[in-house]
Amino acid sequence: MIGKLAGRLEYRGSDHVLIDVRGIGYIVHVSERTLATLPGVGEAVALYTELLVREDLLQLFGFTTLVEKEWHRLLISVQGIGAKASMAILGTLGPDGVSRAIALEDWASVKAAPGVGPKIAQRVVLELKGKAPAMMAMGRAAPAIGDGDGEVIDPAVAVPPTPENASAQSEALSALSNLGYAPGEAASAVAQAAGAFENATTPVLIREALKRLAPKG
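Bear in mind that the values here come from a model prediction, so they are computed numbers and not experimental data.

Draft legend 1. The arrangement of the pattern of salt bridges in detail. Summed over all chains, the structure comprises six salt bridges. In this structure, Glu-50 and Lys-69 form a salt bridge, with 3.9 Å as the shortest nitrogen-oxygen distance. You can see Glu-50 sitting in strand β4 (residues 44-54) and its partner Lys-69 sitting in helix α2 (residues 66-75), a full 19 residues away along the chain. Neither residue differs from the other here; Glu-50 and Lys-69 are each classed as buried. In this structure, Arg-73 engages Glu-70 in a salt bridge whose closest nitrogen and oxygen atoms are separated by 2.4 Å. Here Arg-73 and its partner Glu-70 are both found in helix α2, three residues apart, which amounts to about one turn of the helix. A single salt-bridge network, built from bridges that share partners, covers Arg-207, Glu-208, Lys-211 and Arg-212.

This is the structure:
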C-alpha cells in the first residue's frame, strides 16, 4: 500500500498531478481544493495517498493532511459514494467543512458537491454523524507530512501547515468532553460556534459552544 509520496511535481492536470519520485512518475488524483494548494511544476511536493484497487484499475488519490485522507476513507464506505464523489465532497467543503456539516447533520452542504444528490447526502450524514467528534479531535493529533517519521524521500519537500481553526476546534471539543458533554452534542456545538466565528480561538469556541449547550429558558 502506498501511503505517502514525496518528490517533484512534474505535471498539473485538471483533477490529477504527476509526481516524480526518484525517477518514477506517479499519477495522483486530487480534489480542486488540494490542487489549488500545491506548488508549481518543478517544485517539491508531498501528499498522503490512498490506493484504489479494482480488477481493471489502480488509482492513487492524494491529500494534504491525514484528516482529509481519513475522511475520504470514511466517505467511500457509504453506499453510493465512490472515490469521485468523495473527492467532490472534500473539494467543495474541505475536511474541516465535512466535519462541521456532518456534526450539524447539514446534508444540504454535502449535497452542494457536484454529482451528490439529496438522498446520498442524507445517507452520508446519517451513517457518519457518529464519526464527526473523533475526526474533529484528529485535526489536532494528526501529524503533518514529514513530522517525526524519519527519512523522507525528498528533504526539500515543504510541509503544509495545520489549519489553526481545526486545531482550535479539536481543543474545544476535548475541553467540552472533559466537562462531561457527550461527543455528539459537543461536536455539534463546536461546529456551530466555528461556523459563526471564522478562525476563532479555542477560548472563543469553548465559550460560544457552552452558550449553545446551555439549557434553554
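Draft legend 2. Structural view of unusual backbone geometry. Its identity as a non-glycine residue notwithstanding, Arg-22 has a phi of 50°, on the positive side. Along the polypeptide, Arg-22 turns up in the loop between β2 (16-21) and β3 (24-29). A positive phi is found at Glu-105, a non-glycine position, where the angle reads about 55°. Tracing the chain through its elements places Glu-105 in the loop between α3 (83-103) and α4 (107-111). In this structure Glu-105 comes out as partly exposed when scored by relative accessible area, which is 46%.

Draft legend 3. Seen up close, the nonpolar core. Grouped together as the largest cluster of nonpolar side chains are 45 residues, with contacts concentrated most on Trp-71, Ile-89, Val-110, Val-124 and Leu-128. For this core, the secondary structure elements donating two or more residues are β5 (57-63), α2, α3, α5 (118-128), α6 (132-141), α7 (164-178), α8 (183-196) and α9 (202-213). In terms of residue count, α3 provides more of this core than any other element does, 11 residues in total. One finds Ile-19, Val-28, Val-30 and Leu-38 within the second-largest nonpolar core, a separate group that totals 12 residues.

Draft legend 4. Looking closely at the sheet that holds β5. Spatial ordering of the closed barrel is given by β1-β2-β3-β5-β4, a layout of five strands whose pairing is mixed. On average, adjacent strands in this sheet sit at an angle of 55° to one another, irrespective of strand direction. Sheet topology places β3 next to β5; two bridges connect them, and they run parallel. From the neighbouring strand, His-29 faces β5, where its bridge partner is Phe-61. Where α2 meets the sheet, it contacts β4 and β5, and its direction lies at approximately 15° from that of β4.

Draft legend 5. Region of interest: the layout of surface pockets. Roughly 480 Å³ of internal volume is contained in the second largest pocket. Taken together, 17 residues line the second largest pocket, and the ones lying closest to its centre are Asp-15, Val-30, Lys-84, Met-87 and Ala-88. If you list the elements that add at least two residues to the lining of the second largest pocket, you get β5 and α3. Considering each element in turn, the lining of the second largest pocket owes the most residues, seven residues, to α3. Classifying every residue of the lining of the second largest pocket gives seven nonpolar, seven polar and three charged.

Draft legend 6. Region of the structure containing the pairing of β2. Here β2 shows a clear split, with Val-17, Ile-19 and Val-21 buried on one side and none of His-16, Leu-18 and Asp-20 buried on the other. Note that strand β1 (residues 4-12) and β2 share four bridges and pair antiparallel. Residue pairing for β2: Arg-12 is matched across the bridge by Val-17. Sheet analysis places β2 next to β3, joined by six bridges and oriented antiparallel. Counted as the bridge partner of Val-21 is Ile-24 from β3. Linking β2 to β3, which pair antiparallel, is a turn of two residues; within it Arg-22 sits at a positive phi near 50°.

Basis of the calculations
Residues numbered from 1 in each chain as written. Predicted model: local features only at pLDDT ≥ 70, side-chain atom pairs only at ≥ 80, totals over all residues. Heavy atoms only, no water. Salt bridge = Lys/Arg side-chain N within 4 Å of Asp/Glu carboxyl O. Helix = DSSP H or I, 4+ residues; strand = E, 2+ residues; numbered from the N terminus. Buried < 20%, exposed > 50% of the residue type's maximum accessible area, 1.4 Å probe, protein only. Core = buried A, V, L, I, M, F, W, Y, C linked by side-chain atoms within 4.5 Å. Pairing = 2+ DSSP bridges. Axes fitted to C-alpha atoms, helices over the stretch in contact; angles between N-to-C directions. Contact = heavy atoms within 4.5 Å. 1 Å grid on protein atoms, 1.4 Å probe; cavity = no way out; pocket = protein on both sides within 12 Å on 5 of 7 lines; lining within 4 Å. Points joined across faces, edges and corners; volume = space filled by probe spheres on them. Nonpolar A, V, L, I, M, F, W, Y, C, P; charged D, E, K, R; others polar.

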